[in-house]
Amino acid sequence: MREVDVTPFSPERLVPLLRPERADEVRELTKLAHDAFESRTIWNVSSTAAGGGVAEMLHRFLRYARGAGVSSRWIVIDGTPDFFTVTKRVHNRLHGEPGDSGDLGATERAVLRKVIEENASSLLAMVGHDDVVLVHDPQPVGLVPAFHDRGVAVVWRCHVGTDSSNEWTDQAWGFLRPAVEPADAVVFSRRRYVPDWVPGDKTWIIPPAIDPLSVKNRPLDHETVLAILGRAGIVDHDGKGASFLDDRDQRRAVDMEAVIVREGGPLDPHVRLLVQVSRWDRLKDMAGVLRSFADGRVGVETGGHLLLVGPDVCAVADDPEGRAVLAECTAMWEALPAEARATASLVSVPMSDLDQNAAIVNAVQHHAAVVAQKSVREGFGLTVAEAMWKGRPVIGSAIGGIQDQVRDGVDGLLVADPHDLGAFAAAARALLGDPARAAKMGKAAHERVRDHFLADRDLGQWTALLASLGRPGA
Ligand code: UDP
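Cut-off values and rules
- Residues numbered from 1 in each chain as written.
- Predicted model: local features only at pLDDT ≥ 70, side-chain atom pairs only at ≥ 80, totals over all residues.
- Heavy atoms only, no water.
- Helix = DSSP H or I, 4+ residues; strand = E, 2+ residues; numbered from the N terminus.
- Rg over C-alpha atoms; globule rule 2.2 N^0.38 Å.
- Buried < 20%, exposed > 50% of the residue type's maximum accessible area, 1.4 Å probe, protein only.
- Contact = heavy atoms within 4.5 Å.
- Areas by Shrake-Rupley, 256 points an atom, 1.4 Å probe, with all protein chains shown as cover.
- Lys, Arg positive; Asp, Glu negative; His and termini not counted.
- Charge placed at Lys NZ, Arg CZ, Asp CG, Glu CD.
- Phe/Tyr/Trp six-rings, centres within 6.5 Å; stacked < 30°, edge-to-face > 60°.
- Lys NZ or Arg CZ within 6 Å of the ring centre and 35° of its normal.
- Axes fitted to C-alpha atoms, helices over the stretch in contact; angles between N-to-C directions.
- Parallel < 35°, antiparallel > 145°, perpendicular 65-115°, else oblique.
- Core = buried A, V, L, I, M, F, W, Y, C linked by side-chain atoms within 4.5 Å.
- Near = heavy atom within 4 Å.
- Polar contact = N/O pair within 3.5 Å; in protein donor to acceptor, adjacent residues only side chain to side chain.
- Nonpolar A, V, L, I, M, F, W, Y, C, P; charged D, E, K, R; others polar.
- Pairing = 2+ DSSP bridges.
- Right-handed = clockwise from strand over helix to strand, strands pointing away.
- Expected span 1.5 Å × (residues − 1).

**Digging into the overall build of the chain**
Working step 1: A count of helices and strands for the chain gives 17 helices and 16 strands.
Working step 2: The globule rule puts the C-alpha radius of gyration for 474 residues at 23 Å, and the 22 Å found for the chain is close to it.
Working step 3: Over its C-alpha atoms, taken along the principal directions, the chain stretches across nearly 65 × 50 × 40 Å.
Working step 4: Buried positions account for 59% of the 474 residues belonging to the chain.
Working step 5: Partitioning the intrachain contacts of the chain with sequence separation of at least 6 by distance along the chain shows that 73% fall at a separation of at least 24.
Working step 6: Accessible surface computed for the chain: about 17900 Å², of which carbon and sulfur atoms make up 51%.
Working step 7: Counting 53 positive and 66 negative side-chain charges, the chain places the centres of these two groups 2 Å from one another.

This is how it looks when you write it as structure tokens:
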């Protein structure tokens, strides 16, 4: 078990980026949070500090909660490979996919219980009776009953879900239900993800949002974008001036290089890029993007290039599928005809320095002409809001949280069937081949994020939820 440190930012720093009428709301929210949580700590428990949407959300949450003077801490539990195999199975099944052929029964419960017990004793010793605990996702869900039994207010935040149920979702929910039921509140990204046995008065719908001041989302000028991508080995540039502002507002150099599968050397900076940034997870369908781009001859016909960008697969502890998915994508790429192979690259960004990783992802998203999120399942998809905030149009599958963000034909294009490779290729060709249309959609996308998906909105909802929990015995 370890604690993650996050630098506080006053919520006031968000104000210049918001619509003017939101400024007073942010100030009221800061005061409300401060008053409701005087002398109480908000604990967050997750299973990874990096490499996915949950980690992004927790950085944002802690930074502004602490900036508002609310004591907030973030603990990452330890797990074993067996534990993460089971929790990945639960994750896939909550999305309606089998994932692997394993079971979710007594043996798997025992695997989870052992890890949870090992983590619970130190956690229970740290948490005060008046505190509140937010448990994130299925991995640490077994801690919910442990806190409940101690009389500590506990919230379970489920970051995944699917719009319709099937035998796999039923199985996964049956497995999780005993751990979820004692929670004082349960938070989902979309109403359709809520299982029918969660009582309405415990249910909160809080779609995620992005932090416009994070290293990942801060503005970068064009020269700096090229320098960062040059230094990372992605585009042809000498890399001079490859730097970014970190959370302490200090300028830091980028010196990490990505591991890239491609033909030839770094890309010409003028080539228009279609980019998908994702963990190497089957449900993100990196392979489907590659197949569609290659078979649809999108790069060959438009002169564009596909970049599939993900984290170094050795680095995301709670995602055991990563290596296999990257290997599958690499094998698919190697088997492509030479002409198509030259129009696509697979990029793994090191995670050894998370700020540099974020700066490289930021530069990649800025440099994209069009961003894709062709997931076959997607709880929310922070990568979509991140790209839209940078003024990039998004081609996404019309599923899960993607359809809540992208308005088809306005901020990008939605593909109705996530398995329709031809439709995806047509959308990619349309936007890569029409810079004026792509730029117009990118502008709309930026405004859409300002209105609905910036941190002030979800922090407001979280404050309302946490303030509603009250103190035990009060
Ligand atoms: N991400 C990253 N580095 C990578 C790949 C992804 O920092 O190499 C980030 C990405 O920018 C986004 C998050 O991981 O902030 C993914 O969140 P999303 O909600 O899109 O998907 P999840 O991984 O939670 O399923």
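**A look at the packing of aromatic side chains**
Working step 1: Applying the stated criterion across every chain yields a total of seven aromatic pairs.
Working step 2: Here F61 and W462 contribute two aromatic rings whose centre-to-centre distance is 6.0 Å and whose plane-to-plane angle is 80°, an arrangement assigned as edge-to-face. Separated by 401 residues along the polypeptide, F61 in helix α2 (residues 53-67) and W462 in helix α17 (residues 455-468) bring together distant segments of the chain.
Working step 3: In textbook terms, an aromatic cluster arises when at least three aromatic residues are bridged by ring pairs, as seen for W156, W173, F188 and W197.
Working step 4: Its end group placed over the ring of F9, R13 keeps NZ or CZ at 3.9 Å from the ring centre.
Working step 5: Note that R63 overlies the ring of F9, its terminal NZ or CZ placed 3.8 Å from the centroid.

**Looking at the packing of helix α8 (residues 286-295) against helix α10 (residues 322-334)**
Working step 1: Their axes nearest at 9 Å, the elements α8 and α10 cross at an angle of 10°. One finds that α8 runs roughly parallel with respect to α10. For the pair α8 and α10, the contacting residues are M286, A287, L290 and R291 in the first and C329, M332 and W333 in the second.

**Some points on the nonpolar core**
Nonpolar side chains tend toward joint burial in soluble globular proteins.
Working step 1: Counting 86 residues, the largest nonpolar core has F61 and W462 as the members making the most contacts within it.
Working step 2: Here the element with the most residues in this core is α2; it accounts for eight residues.
Working step 3: Not counting the four nearest positions on each side in its chain, F61 is found in contact with I42, N44, L134, L459, W462 and L466.
Working step 4: Of all hydrophobic cores here, the second largest spans 41 residues; its members include I116, V154, A172 and V194.

**What to know about the site of the ligand**
Working step 1: The immediate surroundings of the ligand are formed by 15 residues, with G53, R279, K284, L382 and E386 found nearest.
Working step 2: Taking E386, its side chain carries an N or O atom lying 2.4 Å from an oxygen atom of the ligand.
Working step 3: Counting only elements with at least two residues in the shell around the ligand, the list comes to α2, β12 (305-311), α12 (354-367) and α13 (382-389).
Working step 4: In terms of residue count, α13 provides more of the shell around the ligand than any other element does, three residues in total.
Working step 5: In terms of residue class, the shell around the ligand is made up of four nonpolar, six polar and five charged.

**Considerations on the sheet that holds strand β10 (residues 259-261)**
Working step 1: The strand order across the open sheet built from seven strands is β10-β13-β12-β11-β14-β15-β16, with neighbouring strands paired in mixed fashion. Lying at the two open borders of the sheet, with one neighbouring strand each, are β10 and β16 (412-415). Within this sheet the neighbouring strands show an average axis-to-axis angle of 20°, counted without direction.
Working step 2: Inspection of the sheet shows β12 paired to strand β13 (residues 344-349) by six bridges, in the parallel sense. Paired with G310 across the bridge in β13 is S348.
Working step 3: Packed onto the sheet, helix α15 (residues 421-432) meets β11 (273-277), β14 (370-373), β15 (394-397) and β16 and runs at close to 170° relative to β16.

**Some details on the pairing of strand β2 (residues 41-46)**
Working step 1: Here β2 lies mainly inside the structure; six of its six residues are buried.
Working step 2: Strand direction decides the pairing type here: β2 and strand β3 (residues 71-76), joined by six bridges, are parallel. Residue pairing in the sheet places S46 in a bridge with V76 of β3.
Working step 3: For the crossover from β2 across α2 to β3, the handedness is right-handed.
Working step 4: Pairing between β2 and strand β4 (residues 132-136): four bridges, direction parallel.

**Remarks on helix α3 (residues 81-94)**
Working step 1: Compared with the 20 Å implied by 1.5 Å per residue over 14 residues, the 20 Å span of α3 between its first and last C-alpha is a close match.
Working step 2: Counted residue by residue, α3 has 11 buried out of 14 residues, so it is predominantly covered.
Working step 3: Buried within α3 we find F83, F84, V86, T87, K88, R89, V90, H91, N92, R93 and L94.
Working step 4: In the core, the buried residues of α3 are packed alongside α4 (106-126) and α6 (167-180).
Working step 5: Where α3 terminates, the next one or two residues include G96, which has phi positive at roughly 85°.

**Details of the sheet that holds β3**
Working step 1: Ordered by their spatial adjacency, seven strands build an open sheet running β1-β3-β2-β4-β5-β6-β7, and the pairing between neighbours is mixed. Unpaired on one side and paired on the other, β1 (2-3) and β7 (203-205) mark the two borders of the sheet.
Working step 2: By the bridge criterion, two bridges tie β1 to β3 in an arrangement that is antiparallel. Across the sheet, R2 pairs through a bridge with V76, a residue of β3.

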